[in-house]
Amino acid sequence: MRIGNDRGRYADRREANPSLKSGGPSSLPPFSSSTSVTLQYDTINTVDQLEQFCEEIADCSLIAFDTEFVSEDSYRPQLCLIQVAAGDRLALIDPVHVDRTEAFWELLAEPGR
């Protein structure tokens, strides 16, 4: 694969994958600033809710998460939000209210995951 010729840095990649020429798969509708998407998600504020959510997503082959921390007022950052996507589920876990988040971390650390 050549990169960096007179046809552009990623020209060979675009030729190998035609969907990159248009910026993505042709089956996707064009995006406009007026496009609105409504997402359904769970808000998890208790240990019981977290444990139930973890049981429900335990069989998902892929679990994605993102964490947010606050550290303006202390040397040690404080975990303030965990965002999770698994299967067709989305969840916001509030670790400020859920004082024990071990169920989620243990799920991620299971052997074979």
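You'll find the structure just up there.
Keep in mind that what you see is a predicted model, and the values were worked out from it rather than measured.

Engineer: In this structure, what is going on with the overall build of the protein chain? I would like to understand it.
Structural biologist: A count of helices and strands for the protein chain gives three helices and four strands. Reading the helices (α) and strands (β) of the protein chain from amino to carboxyl end gives α-β-α-β-β-β-α. Within the protein chain, the fraction of its 113 residues that count as buried is 20%. Here the analysis covers contacts within the protein chain between residues at least 6 apart in sequence; of these, 43% occur between residues at least 24 apart. Roughly 8,800 Å² of accessible area belongs to the protein chain as shown, and the carbon and sulfur atoms make up 50% of that amount.

Engineer: Which parts of the structure should I look at to understand the environment of Phe53?
Structural biologist: Here Phe53 shows up in helix H2 (residues 47-57). A residue is classified by how much of its surface remains accessible, and Phe53, at 2% relative accessible area, is buried. Separated by 36 residues in the primary sequence, Phe53 and Arg89 have C-alpha atoms spaced 9.4 Å apart. Other than its neighbours up to four places away in sequence, Phe53 contacts Asp42, Ile44, Val84, Arg89 and Ala91.

Engineer: Just checking my understanding: could you explain the packing of aromatic side chains for this structure?
Structural biologist: Aromatic ring pairs: the centre-centre distance and the angle between the two ring planes describe each pair. Scanning all chains against the criterion turns up three aromatic pairs. Residues Phe65 and Phe104 carry aromatic rings whose centres are separated by 5.8 Å and whose planes lie at 85 degrees to one another, so their mutual orientation is edge-to-face. On the criterion of sequence distance, the pair formed by Phe65 in strand E2 (residues 63-70) and Phe104 in helix H3 (residues 102-108) is long-range, its members being 39 residues apart. Given a relative accessible area of 42%, Phe65 falls into the partly exposed group. Ring geometry for Phe65 and Trp105: centres 5.7 Å apart, planes at 75 degrees, overall edge-to-face. Here the residue Phe65 occupies a position in strand E2, and Trp105 occupies one in helix H3, the gap between them amounting to 40 residues. Judged by its relative accessible area of 29%, Trp105 is partly exposed. Every member of this aromatic cluster is reached through a ring pair, and the members are Phe65, Phe104 and Trp105.

Engineer: So what exactly am I meant to see when it comes to the nonpolar core here?
Structural biologist: The nonpolar side chains of soluble globular proteins are, as a tendency, buried together. Within the largest apolar cluster, 17 residues are counted, with the highest numbers of intra-cluster contacts made by Ile44, Leu50, Ile57, Ile63, Val84, Ile93 and Phe104. Residue assignment for this core shows that the elements contributing at least two residues are H2, strand E3 (78-86), strand E4 (89-93) and H3. The element that contributes the greatest number of residues to this core is H2, accounting for five residues. Among all residues touching Ile63, those that are not within four sequence positions of it are Ile57, Val84, Ala85, Ala86, Phe104, Leu107, Leu108 and Arg113.

Engineer: I tried to follow the side chain of Asp94 on my own but got confused; where do I start?
Structural biologist: Within the secondary structure, Asp94 is located in the loop between E4 and H3. One buried charged residue, Asp94, remains without a salt bridge, the closest side chain of opposite sign being Arg100 at 15 Å.

Calculation notes
- Residues numbered from 1 in each chain as written.
- Predicted model: local features only at pLDDT ≥ 70, side-chain atom pairs only at ≥ 80, totals over all residues.
- Heavy atoms only, no water.
- Helix = DSSP H or I, 4+ residues; strand = E, 2+ residues; numbered from the N terminus.
- Buried < 20%, exposed > 50% of the residue type's maximum accessible area, 1.4 Å probe, protein only.
- Contact = heavy atoms within 4.5 Å.
- Areas by Shrake-Rupley, 256 points an atom, 1.4 Å probe, with all protein chains shown as cover.
- Phe/Tyr/Trp six-rings, centres within 6.5 Å; stacked < 30°, edge-to-face > 60°.
- Core = buried A, V, L, I, M, F, W, Y, C linked by side-chain atoms within 4.5 Å.
- Lys, Arg positive; Asp, Glu negative; His and termini not counted.
- Salt bridge = Lys/Arg side-chain N within 4 Å of Asp/Glu carboxyl O.

Purely geometric numbers; function is a separate question.
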